[in-house]
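# Residue-level structural notes
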Amino acid sequence: MKTLILGAGYSGLAVATKMKPAPGLEALMVEQNAYHTFETRLHEAAAHNTPVTLPLAPLLRGTGVNLEKAQVEAVNLDDREVKLKDGRVLTYDTLVVGLGSVTNFYRIPGLAENASELKQLSDADEIFNFVNRAYTTEYQGNRDIVVGGAGLTGVELVTELAQRAQLLTKERGLPPFNIYLVEAGPKILPILDDALRAKAQRTLEEYGIHILVGHRITQATADTVTVQTADGQQKTIGAGKIIWTGGIQARDIVSGSKLEKGPGGRIAVDDKLRAKGYPEVFVIGDMGLALNQEGKPVPTTAQHAGQQGRLTGKNIMRLVRGEEPESYEPTTLGEFVSLGGLMAVGWMKLPWNQKLAITGGIAHVMKRASEWRWRISID
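Looking at an unreviewed UniProt entry, one finds the protein named NADH dehydrogenase and attributed to Deinococcus arenae. Regarding the protein, the relevant UniProt record gives this comment under Cofactor (unreviewed entry): "FAD".

Below is the structure:
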């Protein structure tokens, strides 16, 4: 059974590390980088240059999965072909699509051309280098940073940047830059309940971050963003760096006559995580539109991507043995938001669908523990 695994993000890597060599199984992972990136820690790399990658080769040892360092250009499900950027075409019996998402700029004029993203290591490097340049006496431009989107990524990023600015101000004697967090919706961190959200907002305010909820970015230039309130008032904010974390959409590189797509371009899958109409194709992570027990879309989070990947890896081994694949039953174990240093807020799941709210250092430890569970699962 010739099996291709596209992508080495949380979902794709989880697939590969659950596989073992087996007679008749030929497995190949296609990934453009030689490393796996902890995307949930890119905000730390952006602010502090924290290492957030692991080399793939040691992780794949003993799995029977070979690594092909290449970039996927297009996937044709009707012809069972994967076209690579270098012109090669790969074929398969079983396919796993775990290519993640791209930033959704919502066609806001000038935003895609002028805003940085935080989706990969090079994005974090770019932001880190800007902060360092802004704290030199030679820098003459605007030093302020505008971050669009007050979800988990945006909030974690601004707190780390504020912490970095405080440190550099003490070290170099230069004033801190302003950080603006712009959110079109009525509140930050909609994934949290009101009490945890209030705690997070107080922490951001203590850092001196300017929080603009109910403000929609309507335009961006190289050094400004224009925001508009619900009642139509507009103002322009100057910025040396604009960063957009306000939305994602599935990569639009998979085609098929029977393909069904939902919100954000995500591909509809059945309860085994197979693309509807294509039982030989598993679509997992941000690209797949899996449903939970209530029939609602499963969130595009690292923990759910890992769950889907682990199940898919096990299901591929079942198929090799001639067994039926098992169904996907998502579970959310909790959600924690880092707020810089040893501060975090979040909740963990308890029996009988109860939630335990946690803040402070203990929440930071719980967030780190979830990351270590992931590392253990892929070793």
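Next comes the rest of the write-up.
### A word on the UniProt feature "domain: FAD/NAD(P)-binding" (unreviewed entry) in the protein
Residues annotated in UniProt with the feature "domain: FAD/NAD(P)-binding" (unreviewed entry) correspond here to residues 2–309. Span residues 2–309 is 26% helix and 28% strand, its end C-alpha atoms 18 Å apart.

### Re the sheet that holds strand β12 (residues 179–183)
If you walk across this open sheet you meet the four strands as β13-β12-β11-β17, and the pairing is parallel. With partners counted over all chains shown, the strands left at the sheet margins are β13 (210–213) and β17 (241–244), one partner each. Taking each pair of neighbouring strands and ignoring which way they run, the sheet shows an average axis angle of 15°. Summarising the sheet, β12 and β13 pair through four bridges and their orientation is parallel. Pairing of Leu181 across the sheet is with Ile211, part of β13. The strands touched by helix α6 (residues 152–172) are β11 (145–148), β12 and β17; relative to β12, the strand with the most contacts, the crossing angle is about 170°.

### Quick word on helix α5 (residues 121–134)
In this model α5 runs 20 Å from its N-terminal to its C-terminal C-alpha over 14 residues, within 8% of the 20 Å that 1.5 Å per residue would give. Buried within α5 are the following residues: Asp123, Ala124, Ile127, Phe128, Phe130, Val131 and Ala134. Buried residues in α5, looked at end-on, bunch into an arc of 155°, giving them a common side. Each element contacted by the buried residues of α5 is listed here: α2 (42–48), β11, α6 and β17.

### Digging into the packing of helix α1 (residues 10–17) against helix α9 (residues 361–378)
Where α1 meets α9, the axes come as close as 9 Å, and the angle between the chain directions of the two elements is 40°. Here α1 is positioned oblique relative to α9, judged by the angle of their axes. Every residue of α9 that contacts α1 at Tyr10, Leu13, Ala14 and Thr17 is listed here: Trp374, Ser377 and Ile378. Residues belonging to the contact of α1 with α9 are distributed by class as follows: five nonpolar, two polar and no charged.

### Quick look at the pattern of salt bridges
Within this structure, the stated rule accounts for 16 salt bridges. Across the salt bridge formed by Arg41 and Glu44, the nearest N and O atoms sit 2.8 Å from each other. Residue Arg41 is classed as buried on the basis of its relative accessible area, which comes to 17%. For Glu44, a relative accessible area of 6% translates into the label buried. Among the ionic pairs, Lys367 bridges to Glu156, the shortest N-O distance being 3.2 Å. One end of the pair, Lys367, is in helix α9; the other, Glu156, is in helix α6, with 211 residues separating them in the sequence.

### What to know about the sheet that holds strand β9 (residues 94–97)
Sheet architecture is open: five strands sit in the order β5-β2-β1-β9-β21, paired in parallel fashion. The strands lining the two open edges of the sheet, one partner per strand, are β5 (65–69) and β21 (281–283). Strand-to-strand twist across the sheet, computed as the mean angle between neighbouring axes with direction ignored, equals 20°. Here strand β1 (residues 2–6) runs beside strand β2 (residues 26–31); their pairing, made up of five bridges, is parallel. In the sheet register, Lys2 faces β2, and the bridge partner there is Glu26.

Rules and cut-offs
Residues numbered from 1 in each chain as written. Predicted model: local features only at pLDDT ≥ 70, side-chain atom pairs only at ≥ 80, totals over all residues. Heavy atoms only, no water. UniProt positions renumbered as here; feature names shortened; annotations may be inferred. Helix = DSSP H or I, 4+ residues; strand = E, 2+ residues; numbered from the N terminus. Pairing = 2+ DSSP bridges. Axes fitted to C-alpha atoms, helices over the stretch in contact; angles between N-to-C directions. Contact = heavy atoms within 4.5 Å. Expected span 1.5 Å × (residues − 1). Buried < 20%, exposed > 50% of the residue type's maximum accessible area, 1.4 Å probe, protein only. Arc of directions from axis to C-beta. Parallel < 35°, antiparallel > 145°, perpendicular 65-115°, else oblique. Nonpolar A, V, L, I, M, F, W, Y, C, P; charged D, E, K, R; others polar. Salt bridge = Lys/Arg side-chain N within 4 Å of Asp/Glu carboxyl O.

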